[in-house]
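Breakdown of the fold
Here is what each chain is made of, one letter per residue.
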Amino acid sequence: MAHWLYKSEPFKWSWEMQVKAGAKGTHWDGVRNHLAKQQMLAMKIGDTGFFYHSNEGKEIVGIVEVIKEAYPDPSDPTGKFVMVDIKAVKPLKTPVTLAAVKAEPRLSEMALMKFSRLSVQPVTDEEWALVCAMGGIKG
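Description of the structure in this document. (Residues numbered from 1 in each chain as written. Predicted model: local features only at pLDDT ≥ 70, side-chain atom pairs only at ≥ 80, totals over all residues. Heavy atoms only, no water.)

Now for the overall build of the protein chain. What the protein chain contains, in helices and strands, is 5 helices and 6 strands. When the helices and strands of the protein chain are listed from N to C terminus, the series reads β-α-β-α-β-β-β-α-α-β-α. A globule of 139 residues ought to have a C-alpha radius of gyration of about 14 Å, and the protein chain, at 14 Å, matches this closely. Structurally, the protein chain occupies a C-alpha span of about 40 × 30 × 30 Å along its principal axes. Split into buried and exposed, the 139 residues of the protein chain put 46% on the buried side. Sequence-distant contacts in the protein chain: of pairs separated by 6 or more residues, those separated by 24 or more amount to 68%. Accessible surface, the protein chain: about 7200 Å² in total, of which carbon and sulfur atoms supply 56%. (Helix = DSSP H or I, 4+ residues; strand = E, 2+ residues; numbered from the N terminus. Rg over C-alpha atoms; globule rule 2.2 N^0.38 Å. Buried < 20%, exposed > 50% of the residue type's maximum accessible area, 1.4 Å probe, protein only. Contact = heavy atoms within 4.5 Å. Areas by Shrake-Rupley, 256 points an atom, 1.4 Å probe, with all protein chains shown as cover.)

Rendered as structure tokens:
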């Protein structure tokens, strides 16, 4: 199983909105970056991810799970990009801020540090376990 990080501006799509979508989840559309597209094509049902509030908050707030693998994104008129469906699993007991990630030397190689603008990012098993512990949950 792989791990990912999904970035969303809370005023567009927040953790609370993701939770309200319930077990049926929602599609993760609008990605227009080829590297992020490759990440989404690699996702499998059951993969987990961090839900990250970007711009406002700048913190990892919850855990999501892939419930439908990549398929064409109808919001893309070129037909080149895909989306996946995800559902909320659980919130972190304590949100993990970007400042906390930056302050943790063991996370210095995390994609969040190196590719800050990328909306969908891979997370290693080690990063996953560490961020979950920082957030007060088991990874």
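In this approach, a probe sized like a water molecule rolls over the atoms, and the result shows the empty space that is left. Its boundaries defined by the atoms lining it, the largest pocket holds a volume of some 660 Å³. Lys7, Ser8, Glu9, Ser54 and Ser119 are, among the 21 residues lining the largest pocket, the residues nearest its centre. Sorting the residues of the lining of the largest pocket by element identifies strand S1 (3-8), strand S2 (26-28) and helix H3 (98-103) as the ones contributing at least two each. Ranked by the residues each element gives to the lining of the largest pocket, the list is headed by S2, at 3 residues. For the lining of the largest pocket, a count of residues per class yields 5 nonpolar, 8 polar and 8 charged. (1 Å grid on protein atoms, 1.4 Å probe; cavity = no way out; pocket = protein on both sides within 12 Å on 5 of 7 lines; lining within 4 Å. Points joined across faces, edges and corners; volume = space filled by probe spheres on them. Nonpolar A, V, L, I, M, F, W, Y, C, P; charged D, E, K, R; others polar.)

Attention now moves to the side chain of aspartate 85. Positionally, aspartate 85 belongs in strand S5 (residues 82-97). Only 2.5 Å separates the side chain of aspartate 85 from the side chain of tyrosine 71, close enough to count as a polar contact. The residues contacting aspartate 85, other than those within four sequence positions of it, are Thr26, His27, Glu65, Val66, Ile67, Lys68 and Tyr71. (Polar contact = N/O pair within 3.5 Å; in protein donor to acceptor, adjacent residues only side chain to side chain.)

Relative to the helices and strands, threonine 78 is located in the loop between strand S4 (59-72) and S5. Taking the C-alpha atoms as reference, threonine 78 lies 27 Å from tyrosine 52; in sequence the two are 26 residues apart. Within the structure, threonine 78 has its side chain in polar contact with the side chain of aspartate 76 (distance 2.7 Å). A polar contact is formed between the side chain of threonine 78 and the backbone nitrogen of lysine 80, at a distance of 3.2 Å.

This part covers helix H2 (residues 34-42). Among the residues of H2, Ala36, Lys37, Gln39 and Met40 are the ones counted as buried. Projected onto a plane normal to the axis of H2, the buried residues spread over an arc of 160° and lie on a single side. Buried residues in H2 make contact with S1, S2, S4, S5 and strand S6 (120-123). Among the residues of H2, the N-terminal cap falls to asparagine 33, whose side-chain oxygen and the backbone nitrogen of leucine 35 are separated by 2.8 Å. (Arc of directions from axis to C-beta.)

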